[in-house]
Each structure stands twice: as structure tokens, then as C-alpha cells.
Amino acid sequence: MSDVVASDFRLPHRYVRLDTILRLRWLAALGQLTAIFIVAHGLEFDFPVIACVAVVGVSALLNLALQVAFNPMQRLEPLHAAALLALNIVELAALLFLTGGLQNPFSFLFLAPVLISATVLPIRLTIGLGLLAVACASALVFFHLPLPWDSDDPLVLPPIYLFGVWLSIVLAIGVTSLYAFQAAEEARKLSDALAATELVLTREQHLTQLDGLAAAAAHELGTPLSTIFLISRELEKTIEGNGQLASDLKTLREQAQRCRDILAKITQLSSSGAPFDLMPISTLIEEAVAPHRDFGVAIKVRLAVAATREPVGARNPAILYGVGNILENAVDFARTTVEVNAWWNADTVEIVISDDGPGIAPDMLKRIGEPYLSRRRSADEAHRERAGLGLGIFIARTLLERTGAKVSFSNRTFPDHGAVVQIAWPRARFEAAESTESAAGSEN
């Protein structure tokens, strides 16, 4: 089975649009101006209004300059996006310095830029922004102007309370950013893994289309090659006395015959693998097993004798790839033997693939089949995993489930050891399985 390389479907960097950052900055500026207006005119508290408006004005001017100088739809490099978020933190720190420092309830807005970074930027930049936010919050504990309040009844907060506010900001930045990063990373992994699944199925469909094209070419080229062969043979008979010309005609006839033989082989291959061929389950298993018989691991195939006839379905690239990938994984981990057992009745078709390897680790058993989950037996095998994507089982499971199968993973019962993968279809779904992706998708 073909491997999937990360560069085929995954971007090496994460990008965010400038328009997204600018929208967030405009929203922050509007909120800050609203808060300044309410505190100054609604609550009539005394604080440096002009200095606060100047900070917001500088932020707004920078937004306008960025909109004019750059296309808002362009995607920013992660470092540039982090720089704009860092500027948001510094601007917020300046406003809080003018309005009470950590005594100001809006000090928790330090969390916003770091949280945004955790969802779209690499972890190292998120850590840097988190440290900047913590540094600004720490400085505001000691350096700030008084909190806007009633001058006749000033508010005095004890140091222990301010320490609690600082600690809560630090913990909120760390914990919520970690949660956000983890959730976003899982979503990115799932998106990349689904893209890999689509890539695999598209490649299989391209092979099927090429197969049909080869059959059509063989059919169309058969007639002119037959004509060339017959004419060259007749000419060869009429000029037997001319040794050199007869030799050339003989070579021409032999090469034409060789072309006919090649086209005959292509036709035979195409006829046995055409996209709408019906394939009994025994043929499906043999086609999946055949590429893995010469790797030093014995593959034993057992078909249970049943009272009902053998199930026959359409030749489906998704089923072939899924079963083949699981079988390849079993051969990779097996010590000496892999068993492929199949049985069926009037309602169910089932294939069970088991090996005598170490089995599935308990901590992975419930998660097996998730994207980007991989564990190899040695460093050499891990090196051969080609960047450690661990997408094989996920792709196989996804493709099989799209055809109506239920895939489950378990280990053999002690004292036996090894992994067991059970693939079960409702018989009606297996026999009605189509070879096109769109049909499979419509079932879902």
C-alpha cells in the first residue's frame, strides 16, 4: 500500500489573515473607547482621559496604516501575527497603567491575545506571548496610577488580594491557553488526516481511471497493429530473395507481434480489475494479501463454510485499500504469522485480521484509529515511519466505515498475544458497495 507523505497535504506553517487580526484590533479599540466614555461621563470618575484616548488613537492609526499598506486578505507569517498580538498586550498594559493596574477588573483581558495565539500560532510563539503578558501583569502590580474611583470614598485593596488577582491572571493564561491549543491542534490533526484520506482515495480512483484508459487504448490500437503484422508477413513472403530487406521486414513483424502481446496483457489486466467488476470476498482477500506474502511472515487465510452463498460486491478501492492497510500493519508487527479469517451469513459479512505480535498497548487500545497516533517497536521502525504521521490505520478505518463497515480493535485472549482487527459489514451494504467515492459519501 502506498504511503502518505506529510508534504502532500499539510502546510508546513500556520497562517492567519491580516483581516482577522485587524478586526480583533478594531473591536478592542471600540471596546476601550466605550469603557473610557462610560467611566468618564457615565460614572464621572477622575482619570487621565486624554492619555487613554491617545493610546487608543495610536492603535487605531496603526490599524489604518496596515489596511492601506497591505492587502487585508493576505496571510501573515506566524511571527508577524505574533508581533501584532504582542502590540495588543503592550497597548492594554499602557491603558491599565493609566487606570489602576491590576485593580482594574479589565486586567483579565491580558488573556485574549494569548488565547488567540494558542488557536492559530505555533506553541513557541504562544509561550512568548504568554510570558510577555505575565511580565506586563507583574509590572502593573508595582507601577500604575490610582484606580478611577470616588474621591470621597477611595477604594484600597489589600496586597494579598492583588497577589491573588495576579496569580489568577497567570493561571488563566497558562491553563486556558493550553486547553485552547490542545483543542485547536486536535482539530488541525483531524483536518489534515481527513485530507490525507481524500488524497488516498483520489489516487485509487486515478489508478482505476488509468486502468480503463489503458483498456480503451489497447482496444483501439489492436486493429492497426494487426494490419501492420499481416502486411509485413505478406511482404516478407514475396521478397524472400532479398536478404537485407527480408530481415528488416521480419524485425518489423516481430516488433508488431510484441506490441500485440503487450496490449493483450493490458487487456487481461484491465478485464480483471475494471471498476465495475464484481468481486467475491475470497478474491478481495487474496488481492489484499498477495502483495504481503514475501516478507518473511506466513499469512494464513481461512474462509468459513456457510450455508449461504459467498457474498459478492463491487470492486471498491476504499475496501481494498482499507483491508490492505490493516493487513500491512499486521505483517509489520507480527513475529511469524498473520491470520485472515472470513465468514458470512444472510445478514453479516466479517473479516478478522490477527497477528502474533506484541498486541496493542492498553493505553492505545481505546484510541487506536485516531489520527496521528503511532507506536513502533524500535527506533529503526520509528525512523522508517516517514515523519511519524501514524495515519495508516486512521485512513483505513475511515475508508472502511464509509462503505458501511464497523471496525473494532482488540487483543488476543491471554495466554495468546497479538492484535485482532474485526471488520464487519451488513451483507446488504457489502454487496451494494459502489466503487465511487460519491456513492460512499451519500450513504453517510
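Located above this text is the structure these notes cover.
Remember, it's a predicted structure, so these values are computed and weren't measured experimentally.

A. Geometry of the nonpolar core. In terms of nonpolar packing, the biggest core is built from 38 residues, with Val 338 and Trp 425 touching the most fellow members. Elements that contribute at least two residues to this core include exactly helix 8 (281-289), helix 9 (317-333), strand 6 (337-344), strand 7 (348-355), helix 12 (392-402), strand 8 (406-411) and strand 9 (419-426). Looking at this core element by element, the count peaks at seven residues for helix 9. Ignoring anything within four residues of it in the chain, the contact list for Trp 425 reads Ile 319, Val 323, Asp 347, Thr 348, Val 349, Ile 351, Leu 400, Thr 403, Gly 404, Ala 405 and Phe 430. If you look at the next biggest cluster of nonpolar residues, it comprises 29 residues, including Ala 93, Leu 96, Leu 102 and Ile 173.

B. Inspection of the sheet that holds strand 7 at higher detail. Read across the open sheet, the five strands follow the order 4-6-7-9-8; overall the sheet is mixed. Pairing within the sheet leaves two strands with one partner each, and these edge strands are strand 4 (298-303) and strand 8. Looking at each pair of strands side by side, their axes are set apart by 15° on average, direction ignored. Pairing geometry for strand 6 and strand 7, over seven bridges, is antiparallel. Bridge pairing in strand 7 links Trp 343 to Glu 350. Contacting strand 8 and strand 9, helix 12 crosses the sheet at an angle of about 140° to strand 8.

C. Looking closely at the environment of Asp 355. By the secondary structure assignment, Asp 355 is in strand 7. Of the residues examined, Asp 355 reaches a relative accessible area of 5% and is grouped as buried. Taking the C-alpha atoms as reference points, Asp 355 and Asn 329, 26 residues apart in sequence, are found 9.5 Å from one another. Once residues within four sequence positions are removed from consideration, Asp 355 is found in contact with Ala 330, Ala 334, Thr 337, Val 338, Arg 412, His 417, Gly 418 and Ala 419. Looking at Asp 355, its side chain comes within polar contact range of the main-chain nitrogen of Gly 357, at 2.8 Å.

Thresholds applied
Residues numbered from 1 in each chain as written. Predicted model: local features only at pLDDT ≥ 70, side-chain atom pairs only at ≥ 80, totals over all residues. Heavy atoms only, no water. Core = buried A, V, L, I, M, F, W, Y, C linked by side-chain atoms within 4.5 Å. Buried < 20%, exposed > 50% of the residue type's maximum accessible area, 1.4 Å probe, protein only. Helix = DSSP H or I, 4+ residues; strand = E, 2+ residues; numbered from the N terminus. Contact = heavy atoms within 4.5 Å. Pairing = 2+ DSSP bridges. Axes fitted to C-alpha atoms, helices over the stretch in contact; angles between N-to-C directions. Polar contact = N/O pair within 3.5 Å; in protein donor to acceptor, adjacent residues only side chain to side chain.

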